[in-house]
Each structure stands twice: as C-alpha cells, then as structure tokens.
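Reading the structure
Residue strings, one per chain:
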Amino acid sequence: MNILMVEDHRLVADAMQVMLTEIDSTIRITACYSTQHALSVIDSGKRFELVLTDLFMPGIDGIGLLVGLRNRDKRVPVVVISGSDDDKYIRTAMENGASGFIPKTLPAAEMIGGIRKVLDGGSFFPERFEALDNQLRRGDMPSSGNQNASALRPGLKQLQVLQLMADGNSNKQISQIVGISEATVKYHTSQLFKLLGVKNRTSCVREAQQRGLINSFEDATNEEESKL
C-alpha cells in the first residue's frame, strides 16, 4: 500500500510515519514537505491508495492540494490532518473533496481508526459534520450565498483561478494547482479584471468577495497562522 504524506514539519512527518506502520507494516510512505513537491510526484504518475496532508503550509496549502488533485481527476482519498478543528476549515476541506479531517490533538489510536475507516472506503469527520458529509457523498451541493451571484459570472475555470488568487497563491502556484500553464493563468486573470471592472489582483479579490463569488479562506488561514 502506497501512502503520500504532505507535511512541512519534518518531526511531525517522522512521527506520522511511525504511527502509520501500526496500520500495516508493509505500508510504503512517500513523504513530501511541500504541496508543490507533492503535486510534482503526482504528476510523475506514481499511484497512491491514500493522501495525508497538513492544512496550513507555506506556499500552496492543503486546500490547494485538494483542488490540484480534483483538477487532475485523481480520485485517491485525502485525509486532512490539522492542528485546528475549527468548523470553517473542516467545511472547506469537505467541500473540496476531503474524505476525512483529523485534528492532531486526537489520541494516536483514534487517528489510526479514522485512517483505517477511510482506507476501507468510508469517511472520518467530527460527528457534528455527519449531515454535511452524507449530503456531499450523495453528490448534493450545500446551499451557499455564492450561488446567488449576479448573472455576469466567471466560468468554472476562472472561478477556480479567482478563489486561488484570493487564497494568496501566485500565478505559478495557481498553474501547479490547476494543472494549466502560467500563460493560461494570466489570460484568465486578465479576463477576470475585465469582467469585474478592476485593474489589479487586490481589487479583483475585493470585488469578487463583495459579489459573493468566492470565499475568504485566506483571511481564515492568516488568522490561524498568527496563532502559531
């Protein structure tokens, strides 16, 4: 069994590897210390039965990894393992395709149990998210204020670029996540500027937030990192 682990703190990564051997001694772990490295490993064609990722990392974060896997049509289950269990982070992970969300504060036995459940084809989230989990697994999208945006709305790919821009990603990082060239990212960005009637990225993000086109995940991320 091959597992991809994405964790920027090497001591935590080492501890996780030791814990994972308790699930199966034959597990082979590929450790990456950045999302950029993880996406390059994915792009090399190596296959995995499970991806474990931290949420808050320099550069592209764990949500960016989820988006990147989805854009590459990789259906491998992903479990987010985070130092925070704030509802907004869990919901964002779920809505971007995570199969599990495990707070690092959980005892090792419970973490192992959650990972086993995902490997068996299930999901593992805090009980308070059971209803949303069931809804997403049925393929139903939860209602959101974003769906009430004006008719003058960017296309799906442009919305992805827009959200990643709002999350603080550079053009290079966006191209890595979405799996398109930097030139294509710049084209989508210029089209967004025209559509929203703005001249720079900051104004573009602000206008998009006011129209309800995107979530302000970057603000939540910065708030969490300031506590570390």
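The coordinates are above.
Below: a short report on this structure. (Residues numbered from 1 in each chain as written. Predicted model: local features only at pLDDT ≥ 70, side-chain atom pairs only at ≥ 80, totals over all residues. Heavy atoms only, no water.)

Turning to the nonpolar core, a few remarks are in order. Core analysis: the largest hydrophobic core is formed by 49 residues, its most contacted members being Leu4, Phe101, Leu162 and Cys204. With 6 residues, helix H7 (residues 156-166) is the largest single contributor of residues to this core. Dropping the residues within four chain positions of it, Leu162 is found in contact with Leu192, Cys204, Ala208, Leu213 and Ile214. Among the nonpolar cores identified, the runner-up in size contains 17 residues, and Ile3, Leu20, Ile27 and Ile115 belong to it. (Core = buried A, V, L, I, M, F, W, Y, C linked by side-chain atoms within 4.5 Å. Buried < 20%, exposed > 50% of the residue type's maximum accessible area, 1.4 Å probe, protein only. Helix = DSSP H or I, 4+ residues; strand = E, 2+ residues; numbered from the N terminus. Contact = heavy atoms within 4.5 Å.)

Here we come to the packing of aromatic side chains. The full count for this structure, using the stated rule, is 1 aromatic pair. Seen from their ring centres, Phe56 and Tyr89 are 5.0 Å apart, and the 85° between their planes marks the pair as edge-to-face. A residue pair is termed long-range when its members are at least 10 positions apart, and Phe56 in the loop between strand S3 (50-53) and helix H3 (62-71) and Tyr89 in helix H4 (residues 87-95) qualify at 33 residues. With relative accessibility at 10%, the residue Phe56 sits in the buried group. Judged by its relative accessible area of 1%, Tyr89 falls in the buried class. For Arg10, the ring lying beneath its charged end belongs to Tyr33, and the centroid distance is 3.8 Å. In this arrangement the basic side chain of Lys88 is found over the ring face of Tyr89, its NZ or CZ atom lying 5.1 Å from the centre. (Phe/Tyr/Trp six-rings, centres within 6.5 Å; stacked < 30°, edge-to-face > 60°. Lys NZ or Arg CZ within 6 Å of the ring centre and 35° of its normal.)

Attention now goes to the pattern of salt bridges. Under the criterion given, the structure shown has 8 salt bridges. One network of salt bridges, with partners in common, ties together Glu7, Asp54 and Lys104. (Salt bridge = Lys/Arg side-chain N within 4 Å of Asp/Glu carboxyl O.)

With that settled, consider unusual backbone geometry. A positive phi angle is found at Asp73, which is not glycine, with a value near 60°. Mapping Asp73 onto the fold places it in the loop between H3 and strand S4 (78-82).

Moving on: the packing of helix H9 (residues 182-196) against helix H10 (residues 201-210). Contact geometry of H9 with H10 gives a least axis separation of 10 Å together with a crossing angle of 55°. Judged by the angle between their axes, H9 and H10 are oblique. Along this stretch, H9 crosses H10, giving a crossing that reads as left-handed. Contacts between H9 and H10 involve Leu192, Phe193 and Leu196 on the former and, on the latter, Arg201, Cys204, Glu207 and Ala208. Taken together, the residues of the contact of H9 with H10 break down into 5 nonpolar, no polar and 2 charged. (Axes fitted to C-alpha atoms, helices over the stretch in contact; angles between N-to-C directions. Parallel < 35°, antiparallel > 145°, perpendicular 65-115°, else oblique. Left-handed = near helix turned anticlockwise from the far one by under 90°. Nonpolar A, V, L, I, M, F, W, Y, C, P; charged D, E, K, R; others polar.)

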